Amino acid sequence: MRPQLLLVVGLVVGLLIGGAAGVGAGASRATTVLSTVEVVKTQPITLTTEVVRISTVSTEVLRPTTILSTVVQQTTVVKTTTIGVVVIGGKPVDLVARAYHVVDGDTFDTFPSGRVRLADINTPERGQPGYSEATNALRILVLDKTVYLDVDNVEVMDSYNRLVALVYVDYNSTHVLNVNLWLVVNGYAVFADFANEFNPQEWSLYVRKD
Ligand SMILES: [Ca+2]
Ligand SMILES: [Ca+2]
């Protein structure tokens, strides 16, 4: 065979081999991609989803138990406040509250009834003689204690939005103490008889509680 013909045959054979190799490489890449997709598909996605479902179900099972216990507690509180009617001097008292802050000798704050002004008495203002003594006396009588409030049926509140009230605290198992009168009798306050529900001349220091 002539050298020129040999060269042509060699080039053709070379191109054929190279083409076959290229096809082979392409086929190889396609196989790799396919196998990667298969790996993704065989990852335990289904298993992961099942775990999430299980935890969701267990949470839902717990919730109704919590709600039930809350309802039971609320029912108990309502019963306690309904039964607790306090009768002082033969009539149901207007409000029962708890004193948490004393402002001065004749004013203090309660929960849940708000600020209370003792009816028909006056104690010294800040800066006047006897102010500290009256404030301390009221603090000893009512602070952090249950107070029974006979609210003035006529005005209810004064111009400062304070409940005007005759105030009682527990004295013993059968009687309460009239705080307004006690402050006057012991020299911490003076009477100031306004036109309202109360007549201080009719007050008693100790009143029966039922
Ligand atoms: Ca009243
Ligand atoms: Ca009065």
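On a predicted model such as this, the values are computed, not experimentally measured, just so you know. (Residues numbered from 1 in each chain as written. Chains lettered and ligands numbered in written order. Predicted model: local features only at pLDDT ≥ 70, side-chain atom pairs only at ≥ 80, totals over all residues.)

Here we come to the overall build of the protein. Each helix and strand in the protein was counted, giving four helices and 11 strands. Counting only residues that meet the buried cut, the protein has 20% of its 210 residues in that class. Looking at the protein alone, contacts between residues at least 24 apart form 63% of all its contacts between residues at least 6 apart. (Helix = DSSP H or I, 4+ residues; strand = E, 2+ residues; numbered from the N terminus. Buried ≥ 20, exposed ≤ 12 C-beta atoms within 10 Å, placed from the backbone. Contact = placed C-beta atoms within 7 Å.)

Core analysis: the largest hydrophobic core is formed by 32 residues, its most contacted members being V142, L149, A165, V167 and L183. Every element with two or more residues in this core is listed here: β3 (95–104), β5 (114–118), α3 (131–142), β7 (146–151), β8 (163–170) and α4 (179–185). For this core, the leading source of residues is β8, giving six residues. Not counting residues within four places of it along the chain, the set of residues in contact with L183 comprises G105, I121, T123, A134, A137, L138, Y188 and A189. (Core = buried A, V, L, I, M, F, W, Y, C linked by C-beta atoms within 7 Å.)

This part takes up the environment of A192. Along the polypeptide, A192 turns up in the loop between β10 (190–191) and β11 (206–208). Note: C-alpha distance between A192 and I121 (71 residues apart in sequence) is 4.7 Å. In contact with A192, other than residues within four places in its own chain, are D120, I121 and N122.

On to the pairing of β5, then. Here strand β4 (residues 107–111) runs beside β5; their pairing, made up of four bridges, is antiparallel. Bridging across to β5, T107 finds its partner in R117. Hairpin connection, β4 to β5: the antiparallel pair is bridged by two residues. Bridge analysis of β5 against β8 gives three bridges, and the strand direction is parallel. Bridging across to β8, V116 finds its partner in L163. (Pairing = 2+ DSSP bridges.)

On to the confidence of the model for the protein. Residues of the protein with pLDDT of at least 70 account for 60%, and the chain-wide mean is 76. For residues 5–82, every residue scores under 50 in pLDDT, and the model assigns this stretch one contact once sequence neighbours within four places are set aside. (pLDDT = per-residue confidence, 0-100.)

With that settled, consider unusual backbone geometry. Backbone torsion omega between F111 and P112 reads 0°, so that peptide bond is classified as cis. Mapped onto the secondary structure, P112 falls in the loop between β4 and β5. Phi angles above zero are rare outside glycine, and V156 is one such case at about 65°. Tracing the backbone through its elements, the reader meets V156 in the loop between β7 and β8. The partly exposed category is assigned to V156, around which 15 C-beta atoms lie within 10 Å. The phi dihedral of N161 falls on the positive side, at around 60°, and the residue is not glycine.

Look at α3: 17 Å from first C-alpha to last across 12 residues, which is about the 16 Å you get at 1.5 Å a residue. Regarding α3, the residues found buried are A134, T135, A137, L138 and V142. Taken end-on, α3 shows its buried residues confined to a sector of 160°, consistent with a single buried face. (Expected span 1.5 Å × (residues − 1). Arc of directions from axis to C-beta.)

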